[in-house]
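# Architecture and fold: a report
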Amino acid sequence: MTASALPPQLAEIRHDFLELDLPERLGLLAEFAAGLPELPPEYAAHPDRLERVTECQSPVFIALSVDVDGGVALHARVPEEAPTTRGFAAVLAEGLAGIAVDDVEAVPDDLARDMGLDRAVSPLRLAGMAGMIRRVKRQARTARER
C-alpha cells in the first residue's frame, strides 16, 4: 500500500512515524495513547454499541459512526494499561476522522507494519492492530449498506 492511497491524515501520521527511530516511534505511540478521546455519551452510556476486538489481548472495544455529511468517527475504549494498543486506536481515530465511508477501505490491514511498528511491538500486538482495522472496515461496509 502506498502512502498516497491512504486517507490524507493517516498518510501524514504514517510519515511522522517513519521519520523516527524505533524508540521514538514508541514515544509517539505513547503520545497518541494519552490523546485518545473519551467515548461520546451515546457510547459511554451504551457500551453494548461497541464491538470487542478479540484479536487484542487487552479488552479493546470500538465503534465507527457516520455523521450526516458521511464522514466517519472512530470511538474506542482501550485500557490505559495497554499503551501501544491505545496509541494505535488513537492513530486510527485521528487518521480516519471525517473521511468518507468508502475511503476506509483504503486502509491496509497491515498499517501498523507499514508504519514501522513491526520492529517495535510484539506480533500479538500487531495482530490486534490488524484486527482493529478489519473491524473498522467491516463497520464501514455495514454503514454504507444502510
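All values reported here derive from a predicted model rather than from experimental measurement.

## Some points on helix H4 (residues 83-96)
An ideal rise of 1.5 Å per residue puts 20 Å on 14 residues; H4 measures up with 20 Å between its terminal C-alpha atoms. Of all 14 residues that make up H4, twelve are buried, and the element is covered over most of its length. Looking only at H4, the buried set comprises Thr84, Thr85, Arg86, Gly87, Phe88, Ala89, Ala90, Val91, Leu92, Ala93, Gly95 and Leu96. Elements that come into contact with the buried residues of H4 comprise helix H1 (8-18), helix H2 (22-34), strand E3 (72-77), helix H5 (111-114) and helix H6 (123-145). Just downstream of H4 lies glycine 98, where phi reads positive at about 85°.

## Re the nonpolar core
Burial of nonpolar side chains together is a common tendency in soluble globular proteins. Judged by nonpolar contacts, the single largest core of 41 residues is most densely connected at Phe17, Phe88, Leu111 and Met132. The element best represented in this core is H4, accounting for seven residues. In contact with phenylalanine 17, not counting residues within four places along its chain, are Arg25, Leu28, Leu29, Phe32, Val91, Met115 and Leu117. The next biggest cluster of nonpolar side chains, apart from the first, holds five residues, and it includes Tyr43, Leu50, Phe61 and Ala63.

## Looking at the environment of valine 104
Along the chain, the position of valine 104 falls in the loop between H4 and H5. Residue classification places valine 104 among the buried positions, given a relative accessible area of 1%. Each C-alpha atom of the pair valine 104 and cysteine 56 lies 21 Å from the other, and the pair is 48 residues apart in sequence. Dropping the residues within four chain positions of it, valine 104 is found in contact with Val72, Ile99, Val136, Lys137 and Ala140.

## Here we look at the packing of aromatic side chains
Counted according to the given criterion, the structure contains one aromatic pair. Ring centres of phenylalanine 17 and phenylalanine 32 lie 5.9 Å apart, and the angle between their planes is 25°; on these two criteria the pair is classed as stacked. One end of the pair, phenylalanine 17, is in helix H1; the other, phenylalanine 32, is in helix H2, and 15 residues separate them in sequence. Of the residues examined, phenylalanine 17 reaches a relative accessible area of 0% and is grouped as buried. Overall, phenylalanine 32 belongs to the buried group, its relative accessible area being 12%. In this arrangement the basic side chain of arginine 77 is found over the ring face of phenylalanine 61, its NZ or CZ atom lying 4.5 Å from the centre.

## A look at the packing of H1 against H2
One can describe the packing of H1 onto H2 by two numbers: an axis separation of 9 Å at closest approach and a directional angle of 140°. By the angle class used here, H1 and H2 are oblique. Counting all contacts with H1, which are made through Ile13, Asp16, Phe17 and Leu18, the residues of H2 involved are Arg25, Leu28, Leu29 and Phe32.

## Points about the sheet that holds strand E1 (residues 51-52)
Taken together, three strands build an open sheet; the order of strands is E1-E2-E3 and the sheet is antiparallel. Bordering the open sheet on either side are E1 and E3, each of which pairs with just one other strand. Strand direction decides the pairing type here: strand E2 (residues 61-66) and E3, joined by six bridges, are antiparallel. Opposite leucine 64, over in E3, you have leucine 74 as the bridge partner. Against the sheet, H6 contacts E1, E2 and E3, and its axis sits at roughly 35° relative to E2.

Conventions adopted
Residues numbered from 1 in each chain as written. Predicted model: local features only at pLDDT ≥ 70, side-chain atom pairs only at ≥ 80, totals over all residues. Heavy atoms only, no water. Helix = DSSP H or I, 4+ residues; strand = E, 2+ residues; numbered from the N terminus. Expected span 1.5 Å × (residues − 1). Buried < 20%, exposed > 50% of the residue type's maximum accessible area, 1.4 Å probe, protein only. Contact = heavy atoms within 4.5 Å. Core = buried A, V, L, I, M, F, W, Y, C linked by side-chain atoms within 4.5 Å. Phe/Tyr/Trp six-rings, centres within 6.5 Å; stacked < 30°, edge-to-face > 60°. Lys NZ or Arg CZ within 6 Å of the ring centre and 35° of its normal. Axes fitted to C-alpha atoms, helices over the stretch in contact; angles between N-to-C directions. Parallel < 35°, antiparallel > 145°, perpendicular 65-115°, else oblique. Pairing = 2+ DSSP bridges.

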